[in-house]
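Summary of the model geometry
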Amino acid sequence: WGAGGRRATGGGDRGGRGGGVIAASDGEGQDDERDALAMSREEGGQCVARIAHHLEEARALLLELYEREGWRALGFDSWRACVSAEFAESQDTLYRQLTAARVERIISHNEKNGSPVPVLHALELAPLDPPEQRAIAATNDVSKLTLGQLRAVIRDRQAEQRCPRNPTHPPR
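Since the model is a prediction, treat every value here as computed from it, not as a measurement.

This part is about the overall build of the chain. Broken down by element type, the chain carries nine helices and two strands. Helices and strands appear in the chain in the N-to-C order β-β-α-α-α-α-α-α-α-α-α. The proportion of buried residues among the 172 residues of the chain is 20%. For the chain, long-range pairs separated by at least 24 residues make up 44% of all intrachain contacts whose partners lie at least 6 apart in sequence.

Quick look at the confidence of the model for the chain now. With 72% of its residues at a pLDDT of at least 70, the chain reaches an overall mean of 79. Per-element confidence in the chain is highest for helix 3 (residues 70–73), whose mean pLDDT is 96, and lowest for strand 1 (residues 7–9), whose mean pLDDT is 37. In the model, residues 1–26 has pLDDT below 50 throughout and makes 32 contacts with residues more than four positions away in sequence or in other chains.

Between helix 8 (residues 130–139) and helix 9 (residues 147–162), the shortest axis-to-axis distance is 11 Å and the interhelical angle comes to 120 degrees. One element, helix 8, and the other, helix 9, form an angle in the oblique class. The two elements helix 8 and helix 9 meet at a crossing, and its hand is right-handed. Facing helix 8, whose interface residues are E132, A135 and I136, helix 9 presents L150, V153, I154, R157 and Q161. Residue composition of the contact of helix 8 with helix 9, grouped by class: five nonpolar, one polar and two charged.

In this structure the tally under the stated criterion is one aromatic pair. Judged by centre distance (5.1 Å) and plane angle (80 degrees), the rings of Y66 and W79 are edge-to-face. Here W79 lies in helix 4 (residues 79–86) and Y66 lies in helix 2 (residues 41–67), a separation of 13 residues in the sequence. Accessibility expressed as a relative area gives 27% for Y66, which makes it partly exposed. Taking the relative accessible area as the measure of exposure, W79 reaches 8% and is therefore buried.

With that out of the way, let us pick up the environment of V103. Positionally, V103 belongs in helix 5 (residues 91–107). Its relative accessible area of 2% is what places V103 among the buried residues. Through-space distance from the C-alpha of V103 to that of A122 is 6.0 Å; in sequence the pair is 19 residues apart. Sequence-distant contacts of V103, defined by excluding residues within four places in its chain, comprise A122, L125, A126 and Q133.

Definitions and cut-offs
- Residues numbered from 1 in each chain as written.
- Predicted model: local features only at pLDDT ≥ 70, side-chain atom pairs only at ≥ 80, totals over all residues.
- Heavy atoms only, no water.
- Helix = DSSP H or I, 4+ residues; strand = E, 2+ residues; numbered from the N terminus.
- Buried < 20%, exposed > 50% of the residue type's maximum accessible area, 1.4 Å probe, protein only.
- Contact = heavy atoms within 4.5 Å.
- pLDDT = per-residue confidence, 0-100.
- Axes fitted to C-alpha atoms, helices over the stretch in contact; angles between N-to-C directions.
- Parallel < 35°, antiparallel > 145°, perpendicular 65-115°, else oblique.
- Left-handed = near helix turned anticlockwise from the far one by under 90°.
- Nonpolar A, V, L, I, M, F, W, Y, C, P; charged D, E, K, R; others polar.
- Phe/Tyr/Trp six-rings, centres within 6.5 Å; stacked < 30°, edge-to-face > 60°.

See the structure below:
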């Protein structure tokens, strides 16, 4: 449902992806069509789980296409050219997903708990050296932290590295 009680319905462009027709709803009473299409709580939960699974699978495939240079096999001169031609509207999203996949592999995240690292969390970890990424992941379940908590963990670790505690020389 969009703003003003409008609902996106089927249709779309490029083989049924994206786009959509907006149908207005008068907002008065129960719309029989809407009631027939409404999901139950269980269906909603199953749908979310399926979407999460497919996104995780897409992330792994993206990493494979990049690392095994599938873009070359498709005749592209570069990864960027492939992404631009094949996924024009989603280019930025794909680069973020690729970064997330690489961070996940470095910290072996999915081997520990199976949940993907949220993209924004991976983008926070990406600038760090791999050993630092692993150290943070070893002491924190990154996917369960809020973004603010992860930022605090990173800040605290960086502060400790700049000013290490020296137990042999207590403060005066």
